[in-house]
Amino acid sequence: MASKEGGNGTVGRRLAYVFPHALPVVLAYLVIGIPCGVLEAQIGFGPLLALAFSSTFYTGAGQFMLPQMVLAGMPLPTTIASIVLVSSRQLLYSAGLAPYLGKGSRLDAFALAATVTDESFGVNLDRFAGDAGWDVRDGLLLNLLCMSAWALANAAGVLVGGMVSLPTALMSFGMTSIFVCLLLGQLHDGSTYVAALVSALLVLVCKLADLQGAAVLLGAAGGVVCGLAWQAWGRSGGIRS
Amino acid sequence: MSASQIALTWAVTFAAILSFRTLPLLLLRGRSLSPRVGEALGLIPAAAFAGLVANDLLDPSAIARDPLAAASGLVAAVIVAIVARRTKSLVLCAAVGMLAYALLGLLA
């Protein structure tokens, strides 16, 4: 893997350093973004609008929801509220990355936070935790690479319309697999196992209660609370955390 | 959608999403955090990733409609977990996961 000579590498060296880590997500986005663009074309998006929208909106689940809800005839306020709710899990990403973004400029940190989403959060967290050479600008570049792939794929989807049939369920499972790998990397003691298990169970409960939009946020919040309780119990002399 | 509807949707959702993405950072960055807050932040990745995996794999309506197909996703995820433990490779996990999902889907 290319090195970048610490934090002062050239853009080319930084790109060579970051790109291998972005590649799995970039490839997945290039495939999954196209059907999203196909849907957007059905509600009046052109390729330039899809490109601009995807570069700012940039939340996979929410962006799929918009055309689906519009085509289903849902009222616009309901559509907007649903998208906002399902995107609320982004709060977790900014909070989770905050401990690693203290170094470097405030603008770089803000830009990284503003361009993060599920998959790039996972890869960035993995790099910050495991690679002492990974800095805020590397994280920002990774985000921008992933975002660019998503935006270009959406624009391409608008252009190709329904001409291309892609196995989206299969590519979507590719992203699920990435999350499974990232999850395994975070399980290192009792409290993290408790947090993960409770989070998963709460997501299921939320879905059974028809709270799909807030499921991930509520599940993760509940998981964190239970993980903290486990740690406190360990400190008080209970089962070791 | 009309141009005004697109503009309204874009403006409201973008403002909300940008707030979600940046407010926690603005509130937490540079501050010395209490140990409890630090521990809570440290648990977010495990909880968030587990939530995202569960969100993808656990769909009550899909399970009720086709339990076998839903089970194939779970089995494929277990296979990915084994590969992840051994290799820690995102690319390999994605490739193995899709292969397992495709093969199990054929069997389901």
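Just so it is clear, the structure is predicted and the values come from calculations on it, not from any experiment.

Undergrad: Help me understand the overall build of chain B in this model?
TA: Within chain B, the regular secondary structure consists of five helices and zero strands. When the helices and strands of chain B are placed in sequence order, the string is α-α-α-α-α. A globule of 108 residues ought to have a C-alpha radius of gyration of about 13 Å, yet chain B, at 20 Å, is considerably larger. Across its three principal directions, the C-alpha atoms of chain B cover 50 × 50 × 25 Å. Per-residue burial over chain B gives 41% buried out of 108 residues. Total accessible area on chain B stands at roughly 5600 Å², and carbon and sulfur atoms take up 70% of it. Taking the average place of the 8 positive charges on the side chains of chain B and the average place of its 4 negative ones, the gap between the two points comes to 15 Å.

Undergrad: For this particular structure, what's the right way to read the overall build of chain A?
TA: Helix and strand content of chain A: 11 helices and zero strands. Burial status across chain A gives 52% buried among its 241 residues. In chain A, the proportion of contacts linking residues at least 24 apart, taken out of those at least 6 apart, comes to 72%. Carbon and sulfur atoms make up 68% of the accessible area of chain A, which amounts to about 9800 Å² in all.

Undergrad: I would appreciate a short explanation of the state of the cysteines in the present structure.
TA: When the sulfur atoms of two cysteines share a covalent bond, that bond is a disulfide. Summed over all chains, the structure comprises zero disulfides over all chains. In this structure A:Cys206 is not part of a disulfide, and its nearest cysteine sulfur, from A:Cys226, lies 13 Å away. Residue classification places A:Cys206 among the buried positions, given a relative accessible area of 8%. The structure places no disulfide on B:Cys93, whose sulfur is separated from the nearest cysteine sulfur, that of A:Cys181, by 3.6 Å.

Undergrad: Help me out: how do you make sense of the environment of A:Gly227 in this one?
TA: With respect to the secondary-structure elements, A:Gly227 resides in helix H11 (residues 215-235). Along the backbone, A:Gly227 and A:Phe179 are 48 residues apart, and their C-alpha atoms lie at a distance of 20 Å. Aside from chain neighbours lying at most four places away, what touches A:Gly227 is A:Ser191, A:Val194, A:Ala195 and B:Leu43.

Undergrad: Just to check I follow, could you spell out the confidence of the model for chain A for this structure?
TA: Detailed conclusions should not be drawn from predicted coordinates in areas where pLDDT is low. For chain A, mean pLDDT is 86; residues scoring 70 or higher make up 93% of the total. Model confidence for chain A, summarised as mean pLDDT per element, is weakest for helix H3 (residues 60-71) of chain A at 80 and strongest for helix H10 (residues 190-208) of chain A at 95.

Undergrad: Would you mind going over the interface of chain A and chain B with me for this structure?
TA: Reports often express the size of an interface as the amount of accessible area lost when the parts come together. Across the boundary between the two partners, chain A contributes 81 residues, which contact 59 residues of chain B. For the chain A and chain B pair, buried surface summed over both sides reaches about 6200 Å², with 78% attributable to carbon and sulfur atoms. The largest contributions to the chain A side of the interface with chain B come from A:Phe173, A:Cys181 and A:Lys207, which together make up 10% of the buried area. Where chain A touches chain B, the interface holds one salt bridge. For A:Arg235, the salt bridge goes to B:Glu39, with nearest N and O atoms at 3.2 Å. Applying the counting rule to chain A against chain B returns 15 residue pairs in polar contact (both at pLDDT 80 or more). Per-element accounting of the side of chain A that touches chain B gives the leading share, 15 residues, to helix H9 (residues 168-186) of chain A. For the side of chain A that touches chain B, a count of residues per class yields 53 nonpolar, 22 polar and six charged.

Undergrad: What is the right way to look at unusual backbone geometry in this model?
TA: Among all residues except glycine, the phi angle is most often negative; among peptide bonds, the trans geometry is most common. For A:Tyr58, which is not a glycine, the phi torsion comes out positive at approximately 45°. For A:Tyr58, the location among the structural elements is in the loop between helix H2 (47-56) and H3. The exposure class assigned to A:Tyr58 is buried, which follows from its relative accessible area of 1%. Of note in the backbone geometry, B:Lys88 takes a positive phi value of approximately 60° without being a glycine. Counting through the fold element by element, B:Lys88 comes out in the loop between helix H4 (67-87) and helix H5 (90-107). Given the relative accessible area of 67%, B:Lys88 is considered exposed.

The rules behind the values
- Residues numbered from 1 in each chain as written.
- Chains lettered and ligands numbered in written order.
- Predicted model: local features only at pLDDT ≥ 70, side-chain atom pairs only at ≥ 80, totals over all residues.
- Heavy atoms only, no water.
- Helix = DSSP H or I, 4+ residues; strand = E, 2+ residues; numbered from the N terminus.
- Rg over C-alpha atoms; globule rule 2.2 N^0.38 Å.
- Buried < 20%, exposed > 50% of the residue type's maximum accessible area, 1.4 Å probe, protein only.
- Areas by Shrake-Rupley, 256 points an atom, 1.4 Å probe, with all protein chains shown as cover.
- Lys, Arg positive; Asp, Glu negative; His and termini not counted.
- Charge placed at Lys NZ, Arg CZ, Asp CG, Glu CD.
- Contact = heavy atoms within 4.5 Å.
- Disulfide = S-S within 2.5 Å.
- pLDDT = per-residue confidence, 0-100.
- Buried area = accessible area lost by both parts, 1.4 Å probe.
- Salt bridge = Lys/Arg side-chain N within 4 Å of Asp/Glu carboxyl O.
- Polar contact = N/O pair within 3.5 Å; in protein donor to acceptor, adjacent residues only side chain to side chain.
- Nonpolar A, V, L, I, M, F, W, Y, C, P; charged D, E, K, R; others polar.

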